[in-house]
Every structure is written in C-alpha cells, then in structure tokens.
Amino acid sequence: MAALMDTRILIRKIQDLRALTPRRNRVKTKWAGSLPKYPPTNLALQHFDATYKLQLGREWPSVRASMLCEQKYGALVNNFATTEGFMAHLQSQGCQDFVSCTVREGAQERLQTAASTHGNTSSLESVVDDQDIVPSGLSPNIKCLVFPRGDISRFKPSRPDKYGLLGYYLMDAASILPALALDVQEGHTVLDLCAAPGGKALALLQTQAIRFLCVNDISASRTLRLRRVLDRYVPKGLLAGDKLRITSFDGRKWGEIERDTFDRVLVDVPCTTDRHSVMEEENNIFNRARTKERQRLPQLQLELLLAGIQAACPGGVVLYSTCSLSQLQNWYVVDRAIHLAREELGISLQVADLRPLTQLFKDTFNFAPDLNLGQLVLPHLTANFGPIYMCKLQRLN
C-alpha cells in the first residue's frame with residue numbers, strides 16, 4: 001500500500017511541469033484582477049481595422065501585417081564623429097546610404113537620357129561629384145545607411161569614437177525624409193517645435209548648414225532625453241555655443257514667443273504613433289485612461305501647426321509630419337490650418353509638391369498613392385519603414 005502511494009506521488013510530480021522547472025525560471029503569473037480586460041494594443045488594432053480598412057482599402061492587410069512585424073531601422077551617420085571604420089564595416093555587410101546612392105543612380109539615368117537624346121556621351125565619362133548630383137533641397141551631408149529591400153538584418157549598437165561621440169543613430173529611415181524635404185540651406189535659422197527624442201534634430205544638424213537651431217519640447221522628461229541624445233552625438237563646443245538652443249516651452253504659444261523669425265520650421269507633432277500603439281502596452285495612447293487625450297490630438301496638432309506657421313518668416317518653409325496613417329491627424333489638420341491661417345492670421349500658404357522626393361526614393365520606401373495633401377510612407381514587409389506622413393508648406397507673406 002505504501003509503495004502504491006509513493007508511485008502516485010511520483011506520477012503526480014512528473015505530471016506537474018513546475019516540479020521539473022528550475023526554481024530560478026519559475027514565474028508567478030499576475031492575478032486576473034491586475035491584468036487589463038482590454039489591452040491597449042488590442043484596442044488600437046480594433047480601431048485601426050475599423051478606420052484604416054476604409055481609408056486604405058486593399059492596401060490595409062499588407063500594412064497591418066507589416067506594423068505587427070519587427071520595424072526596419074536605418075543608421076543616421078553622425079558627421080561629427082570619426083566614421084571611416086564603421087562605414088566601411090557596414091557597407092561590407094551590404095548596407096547602402098539610401099540618400100546618396102539613390103540620387104547618384106537618378107543622376108546617371110538623367111545623364112544617359114540626355115546622352116541618348118543629344119547624342120553626347122562625353123558627360124558620362126566624367127565623374128560626378130555628390131554636390132553636383134544632389135537636387136535642390138537635398139543636403140549632401142545627410143547620410144543614412146539601410147540594409148537592402150527585403151533584408152531584415154539588425155544594426156548593432158554604435159560605439160563611441162576616441163572623442164566619445166557615437167558614430168550613428170538608429171531610427172526609422174523614413175524619419176529622415178522630413179529633414180530632407182525641409183530644404184535647409186546655408187545660413188538658415190531652424191526651429192524644431194516638438195523635437196524629442198531628437199532623431200530629426202540630429203538629422204538637421206548633419207546638414208552642417210544651419211546658422212541657428214532651436215529644439216523644443218513641452219515635456220521636461222522628454223527634453224532631458226533629447227539633451228542626452230545630443231550629448232552623445234554633438235561636440236560640447238556646439239552644445240555650449242550660440243548656434244544651438246534647447247527649450248521646454250508649450251509649442252502652441254510659439255507664435256507669441258518668436259513670430260516671423262525662422263527660415264525653416266519642423267512641426268513633428270504628437271500623434272497616435274500607430275506602430276507603437278499596436279506593439280507596446282507601455283505608454284500606449286489607446287489606454288482607456290488616455291481616451292480624452294487621444295481624442296484631443298487633432299486639435300493639439302492644429303494648434304502646434306498654426307504656431308509653427310506664425311514662427312516662420314515670410315518666404316519660410318514649414319514641414320508638418322506625423323507617424324500615423326490617420327487622415328484626421330494628417331491632411332485634415334493641414335487643410336484646416338491653411339484655412340485658419342488665411343482667415344484668422346492673414347497668412348497665405350502654398351503647398352509644395354513632394355512628388356519629386358517620393359519619385360527619387362520610391363525604391364527604398366513604399367509611398368501611398370493619390371493623397372489629397374502631402375505624402376505618406378506605408379509600412380511594407382519588404383521595406384518595413386513608417387508610417388510617416390509629411391506635408392510641406394511655404395509661407396507667402
């Protein structure tokens with residue numbers, strides 16, 4: 001009888017997998033009452049299924065699958081650091097600078113077309129410098145390395161050079177496009193109204209053409225994160241000089257702080273950050289406690305864009321961008337801002353054509369067709385960047 005009892009106990013222990021699991025690997029599950037009944041990621045996906053399916057049509061299943069997969073990154077090259085060693089290493093792994101490579105290929109095609117048209121091949125024999133082949137509006141100093149289309153390899157974290165500066169900044173490569181589209185020229189003053197965490201501000205500094213850059217974010221914690229990023233990538237002399245200013249003001253009030261001041265203004269507004277919303281529970285805008293905050297986003301975005309328009313000088317350029325697919329947060333905000341700027345502020349705006357930019361980088365990114373205003377990068381499994389929306393406005397008076 002005792003032997004039978006020992007056998008039953010042994011069988012029960014074998015059936016209980018926890019008895020076979022090392023104590024250090026045992027994890028106590030949360031109580032049911034502490035788990036959210038409706039996780040924010042599920043709420044976000046349900047919301048997107050209801051709205052983006054109508055907005056994108058047959059494109060939505062592909063975009064949905066891409067946003068639920070691992071995001072693809074690019075390595076923004078830091079011109080302030082010593083870059084020769086890691087650049088050669090990354091290029092040996094198949095990475096390419098999508099900016100200069102794409103522009104160079106486009107220039108070669110134009111030269112070949114011109115040669116076939118005019119019967120002149122002498123121009124094809126000369127070496128074309130980067131400064132000559134870069135179209136107007138694209139800084140030749142902004143470099144971003146990406147793995148080829150369909151290659152999902154990861155970048156390793158950057159290491160500091162002998163001066164302690166990191167060689168590259170990992171970010172969504174599509175986030176470089178607003179900095180390229182802003183058309184920063186030598187001697188310009190630039191305002192980045194919602195700058196944290198700092199990737200686009202860092203891209204703007206890589207142009208090495210800015211006379212003065214003001215980076216701002218209303219959140220003190222995000223401004224601290226922005227400062228930490230700049231400390232790791234920008235020389236201390238530049239941070240302490242009079243060419244860069246870091247502030248933490250309410251961006252909506254910038255028209256009252258500095259009106260008609262900046263040649264270029266980047267308004268990268270807070271949004272639903274669609275990819276983060278379907279992947280991460282932490283700091284998710286679709287958390288039920290943040291419902292009102294999410295509903296107020298279009299109004300906040302409108303106020304920020306109007307403040308950026310007022311901060312730009314006559315003839316200046318304002319670039320509005322989000323990382324959302326939402327029409328309500330994208331071209332509806334731009335359309336309303338153009339109307340209010342004209343009717344209430346007496347400011348006329350012209351929408352700049354970004355199609356040459358999208359045509360140039362169509363092999364790297366997947367762009368949405370036929371938008372009413374601006375351009376939109378759609379996530380795709382072979383080029384899993386974005387979403388990034390951008391619209392360029394020029395102030396006429």
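Please read these numbers as outputs of a predicted model, since none were measured by experiment. (Residues numbered from 1 in each chain as written. Predicted model: local features only at pLDDT ≥ 70, side-chain atom pairs only at ≥ 80, totals over all residues. Heavy atoms only, no water.)

Caption draft 1: How the structure looks around the UniProt feature "active site" (unreviewed entry) in the protein. As annotated in UniProt, the feature "active site" (unreviewed entry) corresponds to Cys 323 in the numbering used here. For Cys 323, the position within the fold is in the loop between β9 (312-322) and α17 (331-344). Sequence-distant contacts of Cys 323, defined by excluding residues within four places in its chain, comprise Cys 271, Thr 273, Asp 274, Pro 387 and Ile 388. (UniProt positions renumbered as here; feature names shortened; annotations may be inferred. Helix = DSSP H or I, 4+ residues; strand = E, 2+ residues; numbered from the N terminus. Contact = heavy atoms within 4.5 Å.)

Caption draft 2: Highlighting helix α5 (residues 84-92). Along α5, the residues that are buried comprise Phe 86, Met 87 and Leu 90. An end-on view of α5 places all buried positions within 105° of arc, on one side of the element. Residues of α5 that are exposed and point over 90 degrees away from its buried face: Glu 84, Gly 85 and Ser 92. On the buried face of α5, the contacting elements are β1 (74-77), β3 (144-146) and β4 (168-171). Residue Gly 94 follows α5 closely and has a positive phi angle near 105°. (Buried < 20%, exposed > 50% of the residue type's maximum accessible area, 1.4 Å probe, protein only. Arc of directions from axis to C-beta.)

Caption draft 3: The arrangement of the sheet that holds β1 in detail. Taking strand neighbours across the sheet as the criterion, the 4 strands line up as β2-β3-β1-β4 in an open arrangement whose pairing is antiparallel. Looking at which strands have only one partner, the edges of the open sheet turn out to be β2 (96-97) and β4. Where β1 and β3 come together, 2 bridges link them in antiparallel fashion. Within the sheet, the bridge partner assigned to Ala 75 lies in β3 and is Leu 145. Docked against the sheet, helix α10 (residues 199-206) engages β1 and β4, running at close to 45° with respect to β1. (Pairing = 2+ DSSP bridges. Axes fitted to C-alpha atoms, helices over the stretch in contact; angles between N-to-C directions.)

Caption draft 4: Here's a closer look at the side chain of Glu 258. Mapping Glu 258 onto the fold places it in the loop between α13 (254-257) and β8 (262-268). A residue is classified by how much of its surface remains accessible, and Glu 258, at 18% relative accessible area, is buried. A polar contact is formed between the side chain of Glu 258 and the side chain of Arg 245, at a distance of 2.9 Å. Setting aside residues up to four positions removed in sequence, Glu 258 forms contacts with Arg 245, Gln 310 and Ala 311. (Polar contact = N/O pair within 3.5 Å; in protein donor to acceptor, adjacent residues only side chain to side chain.)

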